[in-house]
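Observations on the three-dimensional arrangement
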Amino acid sequence: MNTPYWIHHFETNTEKNRALEFPKTPCSLPEAVRKPLAKSLAVFQLGESGSGSRIRRCCHDARIGADLRGYPEAVDRFIKEEQSHSYLLARAVEHLGGRLLTKQWTNSVFQRLRFLLNLDFTIQMLLTAELIAEVYYGLLYLHCDDPVVRCLAQKILQDETRHLAFQRDFFRVRVARLSPVVRWFWRLQFRAVHALTVLVVAWDHRHALRALGLSPGAFRTRCGKAWQRFSARLERALAREARGPAGTAREEPWSPRTDYCGL
């Protein structure tokens, strides 16, 4: 895993997020859209606002091996970028006239589940959240008319596509060590955990989804496609790993038509 690349990427991108300027326009969304969207974004903001102390400790305590040298430092920079998302989301919630949250039941459950097992499961839960976020912010970008919300969604969606590549790089190393049978069971439980999480998120954000013109069922379907696409890319990366050393992850321009799997 090319951890120096990721450290540099997260450091640079966090600075861009902190400097991002939203359009200076008042919110003109109708109340039926503005109110549920503000509540929904406040939940996502809370999820991004953690200190990351437990995942940092988990990374430092785990036996990661020479092929993941520097990974704890990369995760540290990754957490700082996530915290910059919290800052952007807080500004968007304020723009929508909403209130920030200090506690929310699905966020509390997710936080507890994340640290039930080992480092791999912790990163898998993070990955699950990011696969859902890819679909969610893609919907905001494509279906919300507010310039501030679309600016926020575009930036976070760009970042999430890189986060998925970062997590894929990690699991390329970890899953390659597993036997074919264990790898099959890992993929099975990953899909089950992802599907259950999507079910809860779709229900919890159902009002915002409907305000954007999408049913919770359609959201679940798009999230399932996101998981399938990530899984296929991971399998291709593992196949390349089997043939020889993997190359450096390459930064690519983001496009909603090519990178947003919810379409």
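The structure this text deals with has already been given above.
The residue numbers shown here count from 1 along each chain, following its written sequence. For a predicted model such as this one, the threshold for reporting local features is a pLDDT of at least 70, and the threshold for listing and counting side-chain atom pairs is 80 or more; totals across whole chains, interfaces and linings nevertheless cover every residue. For the side-chain quantities, the full set of heavy atoms in the structure was used; hydrogens and water were omitted.

**Considering the layout of surface pockets**
Let me state the cut-off plainly: Lining residues are those with an atom within 4 Å of a point, where the points come from a 1 Å grid over the protein atoms alone and group into cavities, where a 1.4 Å probe fits but cannot get out, or pockets, open sets with protein on both sides within 12 Å along at least five of seven lines. Grid points are joined across faces, edges and corners, and a volume is the space filled by probe spheres set on the points. Strands are runs of DSSP state E lasting at least two residues, helices are runs of H or I lasting at least four, and both sets are numbered from the N terminus onward. Only Asp, Glu, Lys and Arg are considered charged, only Ala, Val, Leu, Ile, Met, Phe, Trp, Tyr, Cys and Pro nonpolar, and every remaining residue, Gly among them, polar.
One number sums up the size of the largest pocket: a volume of about 1000 Å³. What lines the largest pocket is a set of 43 residues, among which G47, N107, F110, Q111 and R114 lie closest to the centre. For the lining of the largest pocket, the elements supplying multiple residues, two or more each, are α2 (31-48), α3 (53-61), α4 (71-95), α5 (105-114), α6 (119-143) and α8 (180-204). Take the lining of the largest pocket: its biggest share by element is nine residues, from α5. Residues of the lining of the largest pocket, tallied by class, amount to 22 nonpolar, 14 polar and seven charged.

**Focus: the nonpolar core**
The nonpolar side chains of soluble globular proteins are, as a tendency, buried together. Our working definition: Think of a nonpolar core as a cluster: buried Ala, Val, Leu, Ile, Met, Phe, Trp, Tyr and Cys residues, connected wherever their side-chain atoms sit within 4.5 Å. Only protein chains enter the area calculation, which uses a 1.4 Å probe; residues under 20% of their type maximum are buried, those over 50% are exposed, and those in between are partly exposed. The contact criterion used is simple: two residues touch if any of their non-hydrogen atoms lie within 4.5 Å.
In this structure, L37, L41, Y136, Y137, L140, L152 and F219 are the most contacted members of the largest nonpolar core, which totals 39 residues. When residues in this core are grouped by element, the largest group, eight residues, is from α6. Not counting residues within four places of it along the chain, the set of residues in contact with Y137 comprises L41, F44, L89, A153, I156 and L157. With 33 residues, the next largest nonpolar core counts C58, I64, F171 and V175 among its residues.

**With respect to the side chain of Q124**
When you line up the elements, Q124 lands in helix α6. Once you skip the residues sitting within four places of it in the chain, Q124 turns out to touch F171, W186, Q189, F190 and V193.

**Overview of the packing of α4 against α6**
Just so we agree on the cut-off: Under this scheme, a helix contributes an axis fitted over its contacting stretch, all axes are lines through C-alpha atoms, and angles between N-to-C directions fall in the 0 to 180 degree range. Left-handed describes a crossing whose near helix is turned anticlockwise from the far helix by less than a right angle; the clockwise case is right-handed.
Running from N to C, α4 and α6 cross one another at 35°; their axes reach a closest spacing of 14 Å. By crossing handedness, the relation of α4 to α6 is classed as left-handed. For the pair α4 and α6, contact is made by Y71, F78, E82 and L89 and by L119, I123, L126, E130 and Y137, respectively. Tallied by class, the residues present in the contact of α4 with α6 amount to seven nonpolar, no polar and two charged.

**A few points about α3**
What counts here: The directions from the helix axis to the C-beta atoms are what the arc is built from.
Within α3 the residues assigned to the buried category are I55, C58 and C59. Along the axis of α3, the buried positions cluster into a sector of 100°, meaning they face one direction only. Of the exposed residues in α3, those oriented more than 90 degrees away from the buried face are H60 and D61. Check the buried side of α3 and you find it contacts α4 and α6.

**Considerations on the pattern of salt bridges**
The condition that has to hold: A pairing counts as a salt bridge when a side-chain nitrogen of Lys or Arg comes within 4 Å of a carboxyl oxygen of Asp or Glu.
Within this structure, the stated rule accounts for 12 salt bridges. One salt bridge in this structure joins D76 and K80, with 3.6 Å as the shortest N-O distance. Placement of both D76 and K80 in helix α4 is noted, with a separation of four residues, approximately one turn of the helix. Here D169 ties to R172 by a salt bridge, and the two come within 2.8 Å at their closest N and O atoms. One end of the pair is D169 and the other is R172, both in helix α7 (residues 147-176) and three residues apart, which spans about a single turn. Residue classification places D169 among the buried residues on the basis of a relative accessible area of 9%. Judged by relative accessible area, which is 8%, R172 ranks as buried.

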